[in-house]
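Next come the chains, spelled out residue by residue.
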Amino acid sequence: MTTIRLTNTKTRAKEVFDPIDPQNVRMYVCGPTVYDRAHLGNARPVIVFDVLFRLLRQVYGADHVTYVRNFTDVDDKINAEAQRRKSLGDPRSLEDLIRERTEETIRWYHDDMDALGALRPTREPRATEWIGAMIAMIEDLIAKGHAYAKDGHVLFRVRSYEGYGKLSGRSVDDMIAGARVEVAPFKEDPMDFVLWKPSTDDLPGWDSPWGRGRPGWHIECSAMSHELLGDSFDIHGGGIDLQFPHHENEIAQSACAHPEGSFARVWMHNEMLQVEGKKMSKSLGNFFTVRDLLDKGIPGEVIRFVFLSTHYSKPMDWTEEKAKQAEATLRKWRGLVEDVEPATTPAPSVLAALADDLNTAGGIAEMHKLAGEGDLAGLKASAELLGLLTPQLEDWAWRAVTGRMNAELARGYVMRAQGHVETVEERISTLLQVRADARKDKDFRKADSIRDDLLAVGVIVKDTPDGATWELMPDFDEARLWGL
RNA sequence: GGCGGGUUGGCGGAGAGGUUACGCAGCGGAUUGCAAAUCCGUGAAGACCGGUUCGAUUCCGGUACCCGCCUCCA
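Residues numbered from 1 in each chain as written. Chains lettered and ligands numbered in written order. Predicted model: local features only at pLDDT ≥ 70, side-chain atom pairs only at ≥ 80, totals over all residues. Heavy atoms only, no water.

(A) Expanded view of the UniProt feature "binding site: ATP" (unreviewed entry) in chain A. Under the feature "binding site: ATP" (unreviewed entry), the UniProt entry names Lys-282. For Lys-282, the location among the structural elements is in the loop between strand S12 (278-279) and helix H8 (290-295). (UniProt positions renumbered as here; feature names shortened; annotations may be inferred. Helix = DSSP H or I, 4+ residues; strand = E, 2+ residues; numbered from the N terminus.)

Put into structure tokens, the structure is as follows:
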């Protein structure tokens, strides 16, 4: 069996991955807060852990991996958006508006991540479906002396957990010295964080032993991971920005509530995304969503390829140039493996790269070698392990790969003009026949002019010993083709 | 202030204490009416200063610069 090595943030070392139960390898990844479209940075953990999910399925079997990724649908920003709509005169109840907002956002999220070729996780729990589990966990923490209720709030007693700060390498005293912690009258200690907070009448809330309120963010993940994966599971993933405080707090809650378990054994964090060398932020004006890129015509597979070109543990810069290069490579590969039956297993070199702490960039390099060696079956099977060259993502390729494939798809494009029906394929063939005749007569000016005209509408013509072939470019303009 | 990441050839980007990364671009050649594509070949690196070593881009220490987290912005 392939040996997987993963860098464990908890130990800051690359370790051999040894699952608790190879029949059921369990992974939890922090999912999105569903208040708006996912921005490009949100896509990084999705893609990184999708590759890990695929790798684990490859090694342990598709039915032996459980991947849980939550939706945080209790959040002030969601409430704010719903209240905004309410204030604009929407007659529906706040609860309805909130539900509409989260449903809509989850739909968007699925659409966008599907477009990036990410597999759906095994389970996608929503925080609002597990409020009971959260309340039970909070009660348990209070009973064990790790939490206390005060003025409708429940706080976690950070000083009661000696391991606090271990994951992120911080000491509680240093953090206090940093003086960025919120001091509130209901806190015993400034470091204590909220497990439950009261809701006012104009906010969503659930009845609890501490009054009507809502859970804190951190308890959501602790409760849902415990319900779905148990006291101990294998991998917990997320962005490095979540390491503190979110993951630190999760560990504190789970370790104190379930001391008999080990919670997550391996912690993995992906580094951040940057745009042209800067953090993506609304204030810098370089903020954009996955959907923005897709709408610009950048295929999801291209975005995915760019992400996989950089190791997950390093900051990744999104640039237009990278997208261009990725698209060229994918177009070439898609042309190569068209009609090729994938090998039954990925190439050992690619599998080895991924098994070595998810070295996706190394895997891509190995795939270039496979392409160079002509091992197309191996290339296709290996690409699928990375979620590339899959049928799910081929929608953009119809106008990008070989002329032959384009031709098949172009048959679907029919034009009615002057009382007859003509397809794109027929139209181009007609023009190329005229050009072929011109070349035969050595009228190269005319031949080149036809080629230039076709190029101008997005059709690339290539001469081969067997005659001319053509392919459609992404900027193919059907309407203008009929004008030629 | 505390914690963490980065710095590799023109660009992107990996691994390995000593042996070609890889891709794109470039250059030379084959092919072509010309292109495109393809094929063959090829130059080019390791921020800076020390240390360990027979030998370091790879290990250790320091410096500089860039970036992020510490603010429920992944």
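Once the structure has been displayed, the description carries forward.
(B) Spotlight on the sheet that holds strand S4 (residues 65-69). As summarised here, the arrangement of the four strands in space is S4-S3-S9-S10, forming an open sheet in which the pairing is parallel. Looking at which strands have only one partner, the edges of the open sheet turn out to be S4 and strand S10 (263-270). Sheet twist, expressed as the mean angle between neighbouring strand axes with direction ignored, is 20°. Across seven bridges, the pairing between strand S9 (residues 232-239) and S10 is parallel. The residue bridging Phe-233 from the neighbouring strand is Ala-264, located in S10. Packed on one face of the sheet, helix H7 (residues 243-257) meets S9 and S10 and runs near 175° to S10. (Pairing = 2+ DSSP bridges. Axes fitted to C-alpha atoms, helices over the stretch in contact; angles between N-to-C directions. Contact = heavy atoms within 4.5 Å.)

(C) Seen up close, the domain arrangement of chain A. For chain A, the domain assignment lists domain 1 (5-270), domain 2 (274-398) and domain 3 (401-482). Inter-centroid distance (C-alpha atoms) of domain 1 to domain 2 is 29 Å. Of the roughly 2,800 Å² buried between domain 1 and domain 2, counting both surfaces, carbon and sulfur atoms make up 64%. Across the contact surface, domain 1 and domain 2 share three salt bridges. The salt bridge partner of Asp-112 is Arg-291, with a shortest N-O separation of 2.6 Å. Here domain 1 and domain 2 share 14 residue pairs in polar contact (both at pLDDT 80 or more) between them. Mapped onto the side of domain 1 that touches domain 2, the elements with two or more residues apiece are strand S1 (5-8), helix H1 (40-60), helix H3 (94-115) and S10. Its residues assigned to classes, the side of domain 1 that touches domain 2 comprises 14 nonpolar, seven polar and nine charged. (Domains from an automatic or database assignment. Buried area = accessible area lost by both parts, 1.4 Å probe. Salt bridge = Lys/Arg side-chain N within 4 Å of Asp/Glu carboxyl O. Polar contact = N/O pair within 3.5 Å; in protein donor to acceptor, adjacent residues only side chain to side chain. Nonpolar A, V, L, I, M, F, W, Y, C, P; charged D, E, K, R; others polar.)

(D) How the structure looks around helix H9 (residues 300-308). Across the nine residues that make up H9, a large majority, nine, are buried. Residues of H9 that are buried include every one of Gly-300, Glu-301, Val-302, Ile-303, Arg-304, Phe-305, Val-306, Phe-307 and Leu-308, and no others. (Buried < 20%, exposed > 50% of the residue type's maximum accessible area, 1.4 Å probe, protein only.)

(E) How the structure looks around the packing of H1 against H9. Closest axis-to-axis distance for the H1/H9 pair is 10 Å, and the angle between their directions is 80°. One element, H1, and the other, H9, form an angle in the roughly perpendicular class. Between H1 and H9, the contacting residues are Leu-40, Ala-43, Arg-44, Ile-47, Asp-50, Val-51 and Arg-54 on the first element and Ile-303, Arg-304, Phe-307 and Leu-308 on the second. Of the residues assigned to the contact of H1 with H9, the class counts are seven nonpolar, no polar and four charged. (Parallel < 35°, antiparallel > 145°, perpendicular 65-115°, else oblique.)

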